[in-house]
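Report on the structure
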Amino acid sequence: MKTKVSIALVITLTLITQAVKGQTSSYSKDQKINFKVDSLLKLMTVKEKIGQMNQYNGFWNVTGPSPKNGNAKKKYNHLKNGLVGSMLNVKGVKNVKAVQKIAVEETRLGIPLIIGFDVIHGYQTLAPIPLAEAASWDLDAIKNSASTAAAEAAAAGINWTFAPMVDISRDPRWGRVMEGAGEDPFLGSKIAEARVGGFQGDDLSAPNTIAACAKHFAAYGFSEAGKEYNTVDVGTSTLHNIVLPPFKAASDSGVKTMMNAFNELNGVPATGNTYLLRDILKGKWGFKGFVVSDWASIKEMVTWGYAKSNKDAARLAAIAGSDLDMESYAYVSELELLIKEGAVKERTIDEAVRRILTVKYELGLFDDPYRYCDSKREKKVINSKASHAAVLDMAKKSIVLLKNETQLLPLKKEGQTIALIGGLAADNNSPLGSWRLASKDSTAVSVLEGMKRYKGNTLVFEKGADVNTTETEFTREVKVNTTDKSGFPAAIAAAKKADVVVMVLGEHGFQSGEGRSRTELSLPGVQQELLEAVFKVNKNIVLVLNNGRPLTINWASENIPTIVEAWQLGSQTGNAVAEVLYGDYNPSGKLPITFPRNVGQIPIYYNHKNTGRPVNEQANVPDFVFWSHYGDVENTPLYPFGYGLSYTTFNYNAIKVSKKTYQLKEDVKVSCVLKNTGKLKGKEVAQLYIRDLTASVTRPVRELKGFKSVTLDPGASQTITFTLTENELGFYNNEGNYVVEPGMFEVFIGGSSQATLKSTFELVSK
Ligand code: NOJ
């Protein structure tokens, strides 16, 4: 029989001894936790320490009888023997309680598990996919959306989310662009902070907050050719200026965990990358939380050709600073021997375990391991009215109006016949988007249902064609419908009779996400044909796009008068879309990622370098070809970063820089006047970009360095002022050091990355 030590008792006794000596009263909360962790570590055997570094996926029906054989039995035994520190994909109070009970009541030390789950855009009530949320540029709303997700997840027994994904990506072929905040490190950093703040709240031990996890450290979004899990080879400048800033922002805002990435970075897998994990994250940035591997990414270092064996992989990962092994079984099976052989120092694992235990203490799990297991709260919070109100608000804010040339929008509320066309229009499942492991299938409000709530018009629905024929998360790819056009005639007939046609077309929700890279970004299947067929009979088309990534919609952009980017907006999709189409909500979203004209332009992003041969400066020389361009398509994107319209119009003018010359550390103030020149009240996201004209490392032609949302009544104007500090005016040099250099800067303010209102200033050193 095991001797069961009560951690609480040992630590309380030690605390009493300290208190008697007058040593504890002035300790901060952090110091007390450090002290408790140290005391606990002293009680632990090497095996138990390694157990804390081991994470298993949920492995059997936990409330049923214990597993009899196979892997599940092995995992179960490990759990009972204190060899599991964390589990993922166990959800619901009943199930979490069952595994927690084993950890707490059956193991020698009774250390509680930390329970992780992919709460990516909501738990059961789903918010828009993260890329869509980023289009709101509304940090308060994004934070609120993360706290709503945290509250639901925490009510289901979960205390740790594997979010936010803060990977910057310039490649919409990569399926996981849907999961991030787009292409820009400044916007990405602000959103990372907002999401971490939303998940973790002000008090991590509160029952409605959970630990966040910034992932995937690092550079996963730069997978070559946008192909999932591919090689990443990025230079120093891109690594420090584009890839790392959102991770640093997450670390600075106190994110409790980070996940490393599946990819290799310049030849070294991220999971075994000492430079990333030890030198930058835990060294330079002073990150105090713990690092979890990605699923099996420790053992995949063998497949990469970096580690010789599982054992070698465990050694490399532990030394590099990966603290918790997700599903490689490498630590639990190899670390003990590695320590005995002296290949891994015990102090290396002590450091990892200290980090893991600290987060468990901060979550309050030692005070009450069942803190997140309240079935009354579970019933009350999940799918509550408050959750749905929050995700509806977020959904409306995420919609981007791309085109409204003939003012078809907002739709008239009465006396119209509206033909609603497209398989996605009646779909309750696809709008939930990828990553919704805890939500029930087909629970989104469809666009059809949302539009039906407006009763003044005659609404006729014809699907025309489905996008896909199957839909299964994880196991299979979506099968796109490339043949079935049987619904075309009815759709065309309905369009003929309609005043306005609303067509909901795009990608199925499972066409983006993990493992879902694509090389073709046009409308999948027969949808382009359907669009053109309908256009032949009725030109009054409002195209509502559903997608998890930028699509190449050149034809639509040239021909269709009205285009609304509606992404996958989660549980309340149809209500959000209907409110925007009918003008009860005036759209204000702005693209967080560039829309290319064709796939060949990728990577195309706004903050590119100038090159030595930028625009056709020899434009007056006919047929001059020696400049940076393609022979068959323009250099410009279809829709640029930061772009988005409103039902009203805005004008920017009177840009002012408070001085012409500034000392290096002085703040630079830039203002302009924004006027609502249209007929409706509206919100505009005013954006400020800089260009550092000459530097020791070349700088992009534009860099976003500030944005502000301003709501104005028709005819009203407001002066908006931005302050640029040294945090915005510098960059990372090729040694990875942040520098602010003297020289001339251009500054632009406007409604997109193509803003034309411009001024200049100079930074000087005395
Ligand atoms: C693999 C994904 O890359 C990661 O983002 C996710 O959190 C884990 N699987 C766990 O599901």
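So, here's what we can say about the structure.

Here is what the cut-offs are and how they apply
Residues numbered from 1 in each chain as written. Predicted model: local features only at pLDDT ≥ 70, side-chain atom pairs only at ≥ 80, totals over all residues. Heavy atoms only, no water. Core = buried A, V, L, I, M, F, W, Y, C linked by side-chain atoms within 4.5 Å. Buried < 20%, exposed > 50% of the residue type's maximum accessible area, 1.4 Å probe, protein only. Helix = DSSP H or I, 4+ residues; strand = E, 2+ residues; numbered from the N terminus. 1 Å grid on protein atoms, 1.4 Å probe; cavity = no way out; pocket = protein on both sides within 12 Å on 5 of 7 lines; lining within 4 Å. Points joined across faces, edges and corners; volume = space filled by probe spheres on them. Nonpolar A, V, L, I, M, F, W, Y, C, P; charged D, E, K, R; others polar. Salt bridge = Lys/Arg side-chain N within 4 Å of Asp/Glu carboxyl O. Expected span 1.5 Å × (residues − 1). Near = heavy atom within 4 Å. Polar contact = N/O pair within 3.5 Å; in protein donor to acceptor, adjacent residues only side chain to side chain. Areas by Shrake-Rupley, 256 points an atom, 1.4 Å probe, with all protein chains shown as cover. Axes fitted to C-alpha atoms, helices over the stretch in contact; angles between N-to-C directions. Parallel < 35°, antiparallel > 145°, perpendicular 65-115°, else oblique. Contact = heavy atoms within 4.5 Å.

To continue, consider the nonpolar core. In this structure, Phe217, Met451, Val502, Met503, Trp567 and Leu581 are the most contacted members of the largest nonpolar core, which totals 194 residues. Broken down by element, the residue count for this core peaks at seven residues, all from helix H15 (residues 346-362). Core analysis: the next-biggest nonpolar cluster, separate from the first, contains 25 residues, Tyr652, Ile655, Ala686 and Leu688 among them.

Right, let's get into empty space enclosed by the protein. The full count for this structure, using the stated rule, is five cavities of 30 Å³ or more. Here the largest cavity is characterised by a volume of approximately 90 Å³. Lining the largest cavity are His240, Leu244, Pro245, Lys248, Ile280, Lys284, Trp285, Tyr732 and Gly736. Those elements giving two or more residues to the lining of the largest cavity turn out to be helix H10 (245-252) and helix H11 (274-284). Each residue belonging to the lining of the largest cavity can be placed in one class, and the counts come to five nonpolar, two polar and two charged. In this structure, the second largest cavity encloses a volume near 70 Å³.

Here the structure, examined in full by the defined rule, presents 38 salt bridges. A salt bridge links glutamate 362 to lysine 256; the shortest N-O distance between them is 3.2 Å. Placement of the pair is glutamate 362 in helix H15 and lysine 256 in the loop between H10 and strand E6 (257-260), with a sequence separation of 106 residues. Comparing glutamate 362 with lysine 256 shows no difference in burial state: the two are buried. Bridged by salt links that share partners, the residues Asp118, Arg176, Glu179, Lys215 and Glu514 form one connected network.

In a regular helix each residue adds 1.5 Å, so 15 residues correspond to 21 Å; helix H2 (residues 29-43) covers 22 Å between its end C-alpha atoms and thus fits that length. Here H2 has its buried residues at Ile33, Phe35, Val37, Ser39, Leu40 and Leu41.

Taken together, the neighbourhood of the ligand is formed by Leu88, Asp118, Phe162, Arg176, Lys215, His216, Met259, Phe262, Asp294, Trp295, Met326 and Glu514. Within the side chain of arginine 176, one N or O atom sits 2.7 Å away from an oxygen atom of the ligand. At 2.5 Å, a side-chain N or O of aspartate 294 approaches an oxygen atom of the ligand. When the ligand is considered free in solution it has 300 Å² of accessible area, and contact with the protein chains removes 94% of it.

Let's shift gears to the packing of helix H4 (residues 70-80) against helix H5 (residues 93-106). The N-to-C vectors of H4 and H5 enclose an angle of 45°; their axes lie 8 Å apart at closest approach. Overall, the two elements H4 and H5 adopt an arrangement that is oblique. Every residue of H5 that contacts H4 at Tyr76, Leu79 and Lys80 is listed here: Val99, Ile102, Ala103 and Glu106. The residue inventory of the contact of H4 with H5, partitioned by class, reads five nonpolar, no polar and two charged.

This part covers unusual backbone geometry. As a rule of thumb, non-glycine residues mostly have phi less than zero, and peptide bonds are mostly trans rather than cis. The step from alanine 163 to proline 164 runs through a cis peptide bond, and the omega angle for that step is 5°. Positionally, proline 164 belongs in the loop between strand E4 (160-161) and helix H8 (185-200). The omega torsion across phenylalanine 217 and alanine 218 is 0°, close enough to zero to call that bond cis. The backbone phi angle of threonine 611 is positive, close to 65°, even though this residue is not glycine. Note on placement: threonine 611 falls in the loop between helix H22 (573-581) and strand E17 (650-657).

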